[in-house]
Every structure is written in structure tokens, then in C-alpha cells.
There are 2 protein chains.
Amino acid sequence: MPTKAYSGYLNPKYIPRADLVAAFYIEPAAGVSFEEAAQAVASESSIGTWTSVSTLSKKMKKELHARIFFLNKRTKIAKIAYPSALFESGSIPQLLSSVAGNVFGMKEVKNLRLLDINFPNRYIRSFRGPAFGIQGIRKILKVKKRPLLGTIVKPKLGLNAKEHAAVAEQAWLGGCDIVKDDENLTSMRFNPFEKRLRQTLKARDNAEKVTGERKAYMPNITASFSKMMERARLVKKLGCEYAMVDVVSVGWSALQDLRDENFGLILHGHRAGHAAFTRNPKHGISMLMLAKLCRLVGLDQLHVGAIVGKMAGGKREVKAIGEEIEDTIIHKGRGHMLSENWLHIKPMLAVCSGGLHPGKIPPLVKAMGNDIVIQLGGGIHGQPLGTRHGAIAAKQALDATLAGISLDYAAMKHFELALALRKWPR
Amino acid sequence: MPTKAYSGYLNPKYIPRADLVAAFYIEPAAGVSFEEAAQAVASESSIGTWTSVSTLSKKMKKELHARIFFLNKRTKIAKIAYPSALFESGSIPQLLSSVAGNVFGMKEVKNLRLLDINFPNRYIRSFRGPAFGIQGIRKILKVKKRPLLGTIVKPKLGLNAKEHAAVAEQAWLGGCDIVKDDENLTSMRFNPFEKRLRQTLKARDNAEKVTGERKAYMPNITASFSKMMERARLVKKLGCEYAMVDVVSVGWSALQDLRDENFGLILHGHRAGHAAFTRNPKHGISMLMLAKLCRLVGLDQLHVGAIVGKMAGGKREVKAIGEEIEDTIIHKGRGHMLSENWLHIKPMLAVCSGGLHPGKIPPLVKAMGNDIVIQLGGGIHGQPLGTRHGAIAAKQALDATLAGISLDYAAMKHFELALALRKWPR
């Protein structure tokens, strides 16, 4: 195991100032000490390689090397400070290639997880963050305080454009504020993007007329870059307020330009695929880290999990992610490895989704507060009487929750809610 | 555990024809059977969700549902056939959001790994593949049969533009065909992109004049989309043949447009970050799968591992990846879960890199053949007498390997090689 070149990176007395600080979970490979593994990570993610090289001067190493200033052998946590000169301003891809690049494949580590990053102020200032953020979204949707209620059109694939619009309309009429496409619905042979967009916006206009409320549609513009931008332009042109994008599938390079193009669209991030690298608690990248990057880039909303739903992700983790994207000052502790000052970056709205149904709304709102979108897909379209009654039931559950009334009590007056609670026992 | 909705996806008698077929490793969660977990995956990655929904008609389900046609409880392998209508032509992001999306986070699975995909002909035809491929690269570099020899300028960060160019020149003069930037070197305060590009190309011109050989530089254009494209244009304008990009950090959406813009640049893919989701053999996405997607999109070269180097990745895996990207017909077996017919898609050149030194060249060439780039970073710049002698030693090792001469014998005549072998014992 060649670890000799990985020395000189330990500095427990160092106090980071303008550095970028990363917190890692590091499990050394057999025969490697924790200190050696941490130094291998610090080296490969800054200026080193597996052997000494003639071209690295002492001065250069002194100025640019990473410093491991915190090590806990028991918890396997190491915190590493990187001089800010190692990072190109305003480039998520370069950041990831540095601190979340080769390191995951090194033989010195058995498992390695990037848990959190504290960004220096100067680095944060090189990004714009969300264009709208929570307040901007609330202003457009004219919903001041309560959680927003949303649905995903289901089945995720199969409906044609007309059927899709009809389902969306039923959801809006029943009480949903927002209707979105699912993550794999883009432009299909049986449901082309433009046709779906036009029909669904017509349905939205009708629902707004009938209900007198603002209704929003989130079409999925996920595609190769130029097609994605073309779709975003069309979305704006046809009078839609939102666009949704699968952040992991699309990637950081395209995401940054989507934000910086300033379409005037609220951007919703779906995280399909994240669990390929976020799920194993010992390896990969934390979901909290992914959420931080989305806020920095400037999405306005992000799917963060549901605590009580069909996907993995516990209460502590999802709550911490919610705080990380919605607060301006983040303190260490309770799921946050590192603090953060978000400066000018606006709060991003947390979207809770994945296996939710009306019965799960009270515990969700209790855990996450009012600044969320509650998204029910199957939990609305699966209601025995169909989408519209499903949306009515969800709205009844939300209204009861906000009024402090138990769902069982509310269900005595509302048969839609009663049917939902019967289909999905809590 | 809500698994009732996940039924009707098993069909062991089904024979896929124009379907897209995916092979998964599926480890069910506690209390879930293998069949249930496989159906949950098949459902969520096609048209289903966690509960029955009123909007999914029987006809729709029959036409569009995925079919699990192969199940092996012992190996935990399942093969799933998806109707091609579920996929948008020419869109890697949509493909991944479908078959490598939500599924990784489902509570029904403890671990899940996408191992391989067999693409239907029609789907393959919606991509262009590499513009140059192996033969195109060999023609430009005027190297007919032997492996290409490359280096990464080291230290990865720290040199200014002038120093970078000087190190590159020494490597070319010593015998390297190709010199590349490292994965986190983009446009730095101490080494801006344009300045580095101009100086390094001047050094290249000089090295070509002195040696009479073709020399190539691979500048790292990794950035947000518009900056990346701007850099690619500059690279072309200044007379460089290559551009390199960090495929995982940049993401699929941008990568597709980079290829489709047809700059006339050979595109080299660095895989920094892949191991966050490829390393755990039970979860995430296989490196082979990542390599297939890169070939489909149309990179000309891809870093595939070194077998004998500093990064994880065994011989069987790296060899299979090499075959997958360089052959036209892929047969099942020996690391390939599924077959493939690459049709019009050109072969992509395998780049072996990561912890290599001259002593490792013979086993590498034996395992991977001649159609590779052998990249030594530390293994060249770490040579006791410096970069130029390091490159000379690497070329001596390559020449000896191709001539069938042992390195120990060659080292008796070549002190550069002798020094390298002494520093890095085999």
C-alpha cells in the first residue's frame, strides 16, 4: 500500500479562516491506519498523488496543501481545510472533481463519504442562488403561510397529453396548488412535450377560472442541454411559472446554465438517482451535501424526502436538509457536521414527496413546518373515487392539520378523507 | 412494507425483442422477498408507484409495463425488459431517471445495483457515438499500432501556466505522445485556462519540431456549460486536437451537447467521482454501465482504470470495460451481464491510468492489448531525475514490452528505466 507520499497533511492546531472545509467519514482499508487514509484523501483531493514528484516544490506544497485539522478515530470523521485557491469560483463541477473526485476510488479507503462542506464567503458570493426562493414562490402562488399542496400525475408514464391534462385538472379542481410531471416523463412518443404542455396549461387556466385560485404546473424539461433549454423557453413563452428538472440525471454543468439563463421560471429539482451515491451511510455523498449544492446553484425547490414515505431517509436527516436549504445561518449539530452562513443566497423550498397519503400529513407538517410542498402522487390518484376526490381528501387533511383538528374527527365530516384513511391505514 | 401494488411484473416466459433490457443486482430489505423487491424495482422504473391508482388502465399497464424475465435468487440477479416507448430517443438523462432513478432509494431494497443494459437497435441509432474513435485518434497522432503513452502534469494543482508548459514539454521530449491536465485543474487564479493553453501549445509545437513526432495536449475544459463550450471553442481555435472533460462532475446533459456540437476535437473522458456510485459491488451503477453511456454519447476516450494501480478495480472488470468500449459485438459472459451490438457506434479508446509506473507497463499491455493509452503521472514526474527522464524510462519500458524484452534486461542498457525500477519495486 503506497502511503509514504501522503504525509504532511495533519495539522490539528490549524484554524481554518478563508478555507473551504469538508467533513468526511473515512473507513481505512485493511492494513492502513485512520491517519494514513485521511492523509491519502487530503492529498489526492488537493495537490498530491501516490508518489513523491520532482515537480512539486516545498513552497507550493506549503501554500496549497490541504490540512486535516480534526480527526476522530472512533467516529471515523475527519475535517479537512482546503486553501480557496484550489477552487475555481462559480464551478460546481470543478469543486466535485476536487473534493468528491478520485478520492472515492482510492485503495487506501474501504469506504469514504463526503458529509458536508462549509463554503468560504468568497466562494458563496460566486453563485447567485435561487431567483425566487420561498418568498418568491409564495408571492406567485398567492399562498402566504400554509404548506403548498402538490401532486405528481400518475401513472408516471402511460397517459397521452389529453389524458394527462385531464388528470391534472381534476387534481387542481380538488384542491392542489401544484401539479407536476413525473421524473421519467419527458417527451414520449405517446405524450410529446409541447402537446402535453399546451393541453395541461389550458386545463390549468380552466381550473383557475373555476376555483378562483392560482394553480401551477411543473413540466419536466429534463433532456440534453439544448433540448432542455428549448423546452424551458417554450414553458416560459406559453405562460407557465415553473420548470422541473432531474438534477442528478442532468448534471451540474447544465444545471448551472439553466439557472444563469434567468428564464424567470421557478426551478424545481427532482433528485431521481441520488440514492445511488447518497444511500449507503458509509460511502458516497450525503443528501445534505447534494441539497447544499442545489441551493448554491440556485434551484428554488428541491425534493428532500418524506420522512414517513416510500423512500429511505429518516426524520433527523430530512429535517436537517430542510434547515440547510431554508435557513440563512446554519449551526453545527443535529445532522449538520459543519456550520454555514448563506449570505445573499435565498432560502430554497423543501418538497416532501414519495409514498405520502393524507394520513401522513399531520406528522409531516409537525416535523417540517409550514414552508414545504406536500406532494402526494399515489396518495391522491389512488383514492378509491379517483383523482379529484383524492385531492379533496388531501386538502381536507391539510386543513385539519393546520386547524389542529385530528384526522379521525375531520373524517367524520368529510367522506373523501374517510375513504383515503380507510385505504391507507396509518 | 407496501408491496401489494407491485404485482404483475413477473414473466419468466417473456422473450425480449425490441425492448431495452437492464440487469440488476437486487438485495431485498428485511421482510421482503426477492420477487417482491424485483417487482418493486420493475414497477417504479416503468409505470408504477407504491399504491394502485385509478388513472392506470389495464390496457396501459399491459402495453407499457416492464417484464422481469429472468430471476436468480442465489446470485440476486434480475433481468428486466422495458418497452422502448418508455424511453425518449437520444436522452441519457431520461434513461437514467427511469432505470437508475428513484429505484435506488426504495425501502423494498437494501441494496440495488444497475449492472448492465442492452440497448435496442433503434435506441442506439438515436446516438452518434464517438466522432473519431480509435482509428481516428491513431490517424491524427500518426501512431499505427502501439499503445499511446501519456502523462498527467503533476502536481495536479500548484504550477503556474509557464511551469505547466515547461513540465509538459519535458514529458513530450522524453517520449510521451499525450500530455493532459489533471481532473481538478480548470481555470485557477494561479493558472488561468487560456494562458495555460497558449503556453502549453507553444511547448507542444516546440516538442514536435525537436522530435519530429506528433504530440497532443488534452486541456481540461470542465466547467459550467457555457464556460465549457467557450473553452472548447478556444481549444479548437488555437489548434489543439483534444479536449478533456470530467464526465461525472459535468453531467450527461452537458456532455451530450458537447459531443453534438461537433467541435472536431477528440474528447477524453475523466471519470473523477464515479467511485461514489460504482465502487460498492452491491449498490449503485457499475463502471461498465458508465463506460457504455460514454460510448453511446460519443466520447472518443475514457479513463477505465489501471488494473495494477492506485485505484480499486480488478483485472476482470477493467478488461470487460475495455472490450465493451472497443468491440462492436459484445457477447454475454466474462464480466458482461448482457450482450450488445454497437452497430454504427465507433470504438472508444480505453485509457489506463492511476498509480502506474514503468514496471507496471508489461502486465498492463498483456491484459489490455495495444489499443490503450498508458498514462503515468507520478510514475513519470516522480522519476528521481525528473519529468524528462521519467518519460524516457516509460518509453523504454513500453518499447521493451512491445519487443518482448524483460524490463530487467532493458534496464541494463537504460539507466533511466533502471532508476524508475529502483524507485518503484514491482
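Residues numbered from 1 in each chain as written. Chains lettered and ligands numbered in written order. Predicted model: local features only at pLDDT ≥ 70, side-chain atom pairs only at ≥ 80, totals over all residues. Heavy atoms only, no water.

## Section: the layout of surface pockets
Residues and elements named next belong to chain B.
Working step 1: Empty space within the second largest pocket amounts to approximately 700 Å³.
Working step 2: What lines the second largest pocket is a set of 30 residues, and nearest its centre among them are Arg113, Leu115, Pro281, Ser286 and Glu317.
Working step 3: Among the secondary structure elements, those contributing two or more residues to the lining of the second largest pocket are β4 (109-118), α11 (275-278), α12 (287-297) and α13 (315-326).
Working step 4: Here the element with the most residues in the lining of the second largest pocket is α13; it accounts for five residues.
Working step 5: A per-class count over the lining of the second largest pocket returns 14 nonpolar, eight polar and eight charged. (1 Å grid on protein atoms, 1.4 Å probe; cavity = no way out; pocket = protein on both sides within 12 Å on 5 of 7 lines; lining within 4 Å. Points joined across faces, edges and corners; volume = space filled by probe spheres on them. Helix = DSSP H or I, 4+ residues; strand = E, 2+ residues; numbered from the N terminus. Nonpolar A, V, L, I, M, F, W, Y, C, P; charged D, E, K, R; others polar.)

## Observations concerning unusual backbone geometry
Working step 1: The residue after A:Lys154, namely A:Pro155, is reached through a cis peptide bond having omega -5°.
Working step 2: Here A:Pro155 shows up in the loop between β5 (148-152) and α6 (161-174).
Working step 3: Look at A:Ile307: it is not a glycine, yet its phi comes out positive at around 60°.
Working step 4: With respect to the element layout, A:Ile307 can be found in the loop between β11 (301-303) and α13 (315-326).
Working step 5: The buried category is assigned to A:Ile307, whose relative accessible area is 16%.
Working step 6: Of note in the backbone geometry, B:Leu343 takes a positive phi value of approximately 50° without being a glycine.
Working step 7: Looking at the secondary structure, you find B:Leu343 in the loop between β13 (340-341) and β14 (349-353). (Buried < 20%, exposed > 50% of the residue type's maximum accessible area, 1.4 Å probe, protein only.)

## Observations concerning the relation of the copies chain A and chain B
Working step 1: It takes a turn of 180° to lay chain A on chain B, together with a shift of 0.0 Å along the axis; the resulting RMSD is 0.0 Å. Here the transformation between the copies is reduced to the relation of a two-fold axis. Looking at the rotation axis and the C-alpha trace of chain A, the residue lying nearest is A:Gly251, at 1.9 Å.
Working step 2: Counting the interface residues of chain A, we find that 100% of their copies in chain B are interface residues as well, pointing to one common contact surface. (Least-squares fit on C-alpha atoms with pLDDT ≥ 70 in both. Contact = heavy atoms within 4.5 Å.)

## Regarding empty space enclosed by the protein
Working step 1: A complete count under the given rule lists seven cavities of 30 Å³ or more for this structure.
Working step 2: The computed volume of the largest cavity comes to approximately 470 Å³.
Working step 3: Those elements that provide at least two residues to the lining of the largest cavity are α9 (247-250), α11 (275-278) and α12 (287-297) of chain A together with α9 (247-250), α11 and α12 of chain B.
Working step 4: Split by residue class, the lining of the largest cavity holds 23 nonpolar, six polar and no charged.
Working step 5: In terms of lining residues, the second largest cavity is bounded by 27 residues, among which A:Asn102, B:His270, B:His303, B:Lys310 and B:Gly354 are the most central.
Working step 6: Its residues placed into classes, the lining of the second largest cavity shows six nonpolar, 14 polar and seven charged.

## Observations concerning the interface of chain A and chain B
It is common to give the size of an interface as the accessible area lost on bringing the parts into contact.
Working step 1: Contact with chain A, which involves 97 residues of that partner, is made by 97 residues of chain B.
Working step 2: Taking both partners together, chain A and chain B bury about 7,400 Å²; carbon and sulfur atoms supply 51% of that area.
Working step 3: Linking chain A to chain B there are four salt bridges.
Working step 4: A:Lys156 is paired through a salt bridge with B:Glu44; the nearest N and O atoms lie 2.9 Å apart.
Working step 5: Across the contact surface, chain A and chain B share 50 residue pairs in polar contact (both at pLDDT 80 or more).
Working step 6: Taken together, the residues of the side of chain A that touches chain B break down into 37 nonpolar, 43 polar and 17 charged. (Buried area = accessible area lost by both parts, 1.4 Å probe. Salt bridge = Lys/Arg side-chain N within 4 Å of Asp/Glu carboxyl O. Polar contact = N/O pair within 3.5 Å; in protein donor to acceptor, adjacent residues only side chain to side chain.)

## Re the state of the cysteines
Residue and element names in this part refer to chain B.
Working step 1: One pass over the structure, following the stated rule, counts zero disulfides over all chains.
Working step 2: No disulfide involves Cys176; its sulfur sits 15 Å from the nearest other cysteine sulfur, which is in Cys352.
Working step 3: With a relative accessible area of 0%, Cys176 lands in the buried category.
Working step 4: Cysteine Cys352 shares no disulfide, and the gap to the nearest cysteine sulfur, in Cys294, comes to 15 Å. (Disulfide = S-S within 2.5 Å.)

## Quick notes on the domain arrangement of chain A
All names here are of chain A.
Working step 1: If you check the domain split of chain A, you get domain 1 (4-124) and domain 2 (133-423).
Working step 2: Once you take the C-alpha centre of each, domain 1 and domain 2 turn out to be 36 Å apart.
Working step 3: Taken residue by residue, the interface counts 27 residues in domain 1 and 30 residues in domain 2.
Working step 4: Across the domain 1 to domain 2 interface the summed buried area is about 2,400 Å²; carbon plus sulfur atoms make up 62%.
Working step 5: Per-residue buried area on domain 1 facing domain 2 is highest for Arg113, Asp116 and Ile124; these three make up 30% of the total on that side.
Working step 6: In this structure, the connection of domain 1 to domain 2 is made through two salt bridges.
Working step 7: With a closest N to O distance of 4.0 Å, Lys282 and Glu27 form a salt bridge.
Working step 8: In this structure, the connection of domain 1 to domain 2 is made through 17 residue pairs in polar contact (both at pLDDT 80 or more).
Working step 9: Put simply, the parts of the chain that give the side of domain 1 that touches domain 2 at least two residues each are β1 (20-28), β3 (77-82), α3 (92-99), β4 (109-118) and α4 (121-124). (Domains from an automatic or database assignment.)

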